[in-house]
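# Chains, contacts and geometry: an overview
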Amino acid sequence: MSELRRDLSSLAELATPIPPAKRAVIAAAPGGKSALSAGKAIAGLFQGLAGDRPIDSDMITHSSQEVLADVSAIGGERWLDTVREHHEGTFQHCLLVAGVAATYATRNGLNPYIAASLVNAALLHDVGKASIPQQILDKPGKLTESEFAVIKRHPRLGYDYLKSHAELPEAVLDAVLHHHEALDGSGYPDGLTADRIAPLTRILTVCDVFAANVEQRSYKSAQPASSAVMALVDMALRSRVDYEAVRRLASAFDVPLPGTLEELAASLSQPIRARAG
Ligand SMILES: [Fe+2]
Ligand SMILES: [Fe+2]
C-alpha cells in the first residue's frame, strides 16, 4: 500500500463530521438514518485503511441490516434518491452499491445470511480506493493507461486490508477481490473466467455497474434505472456479466427482461430480421 500516495483530500472529506444541521436534514429524509449510519461505516473503513487500523466489523454488519430494513420498507429507488441528494464522489458510489445490493436482496427474497453478505460486500467493495489519488478517481472522461493501471490495484488493496484486519466470510472477501472480473476473462485483477467467478461476486459486479450508471457526478447526470439495465444487458450479451444476475436486478427495479440470454438475443434480433425481410 505504501507505494501509492494516500489521498489526503478525499480522506479529509470523509473524516469531516457532517454538521448537525445537515445531519438532521438527512435523518429526516426517507431512509436517511440508515444512509447516515452506512456512510459513517464507510468513512471509518476508508480512514482505517489509510491509517492501517482495525475494522469495526460490528458497525459494518449493523449498517447492512439497517440498509436492508430501510430499502425493504421504502423501496430502493427512494433510498438511492436520498443518497444522491446528500452524498458525493466515491462515498456516494459505495452507498449506492449497498442500496442497489439491498434492493436486489429484498426484491429477490435472498435468504438473510446471503442478503447480509451481499450488502456487507457492497459496503466494503471499494475500500482499496482509499489509496488511489482522488484526481484519478474523479477524472471525467477516459483514463490514461497508467492511470487505469493505478485504479486496477484497488480490489487487491482492499482485499489485503480486510483479510488482515477483520474476520470476514471467504465469499465476502472473494467478492471484494473479484468485483471487476468479467466472465470472458477480460476483467481484473486476476483475469478469471466464468467457471472461477463465484455467485455472490457475480451479483456484486452487476450491482456495482448499475450503481455507477445511476450515480450523480459533477460531470454527469444520473441515468434512469432502465438505461442502467440496458448497459448491463449489453455487457451480458458480450459475455462480461452474468445474465441471470442482470435479470434479477432488473426485475428488482421493475424492468422486466426475458428469462434467458438466448431469449433476450432473439427478442433483440427480431426487429432487425423484420426490417431485412
Ligand atoms: Fe471497484
Ligand atoms: Fe465500485
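Residues numbered from 1 in each chain as written. Chains lettered and ligands numbered in written order. Predicted model: local features only at pLDDT ≥ 70, side-chain atom pairs only at ≥ 80, totals over all residues. Heavy atoms only, no water.

## Here's the deal with the pattern of salt bridges
As a working rule, side chains carrying opposite charge can pair if their charged atoms are close by. Inspection of the entire model under this criterion finds 11 salt bridges. Across the salt bridge formed by K129 and D126, the nearest N and O atoms sit 3.1 Å from each other. Residue K129 shares its accessibility class with D126, and that shared class is buried. The closest approach of N and O atoms between R240 and D184, which form a salt bridge, is 2.9 Å. Of this pair, R240 sits in the loop between α13 (225-237) and α14 (243-252) while D184 sits in the loop between α11 (170-178) and α12 (199-214), and the two are 56 residues apart along the sequence. Judged by its relative accessible area of 30%, R240 is partly exposed. Bridged by salt links that share partners, the residues E244, R247 and R248 form one connected network. (Salt bridge = Lys/Arg side-chain N within 4 Å of Asp/Glu carboxyl O. Buried < 20%, exposed > 50% of the residue type's maximum accessible area, 1.4 Å probe, protein only. Helix = DSSP H or I, 4+ residues; strand = E, 2+ residues; numbered from the N terminus.)

## So, the coordination of the iron ion (ligand 2)
Donor atoms from the polypeptide that bind the iron ion (ligand 2) are H93 (NE2), H125 (NE2), D126 (OD) and D208 (OD), placed at 2.1 to 2.3 Å. Bound by four donor atoms, the iron ion (ligand 2) shows angles of 81 to 169 degrees at the metal and therefore irregular coordination geometry. Positions of the donor residues of the iron ion (ligand 2) along the chain correspond to the pattern H-x31-H-D-x81-D. (Donors = N, O, S within 2.8 Å, 3.2 Å for Na, K, Ca; no water. Tetrahedral: all angles 85-135°; square planar, octahedral: opposite > 155°, others 65-115°.)

## A few points about the coordination of the iron ion (ligand 1)
Four donors placed tetrahedrally about a metal ideally form angles of 109.5 degrees, and six donors placed octahedrally ideally form angles of 90 or 180 degrees. Every protein donor of the iron ion (ligand 1) is listed here as D126 (OD), H154 (NE2), H179 (NE2) and H180 (NE2), and their distances to the metal cover 2.2 Å. Coordination geometry of the iron ion (ligand 1): the four donor atoms subtend angles of 84 to 176 degrees at the metal centre, consistent with an arrangement described as irregular. When the donor residues of the iron ion (ligand 1) are listed from N- to C-terminus, their spacing reads D-x27-H-x24-H-H. Taken as a pair, the iron ion (ligand 1) and the iron ion (ligand 2) show a spacing of 3.5 Å, with D126 coordinating each metal.

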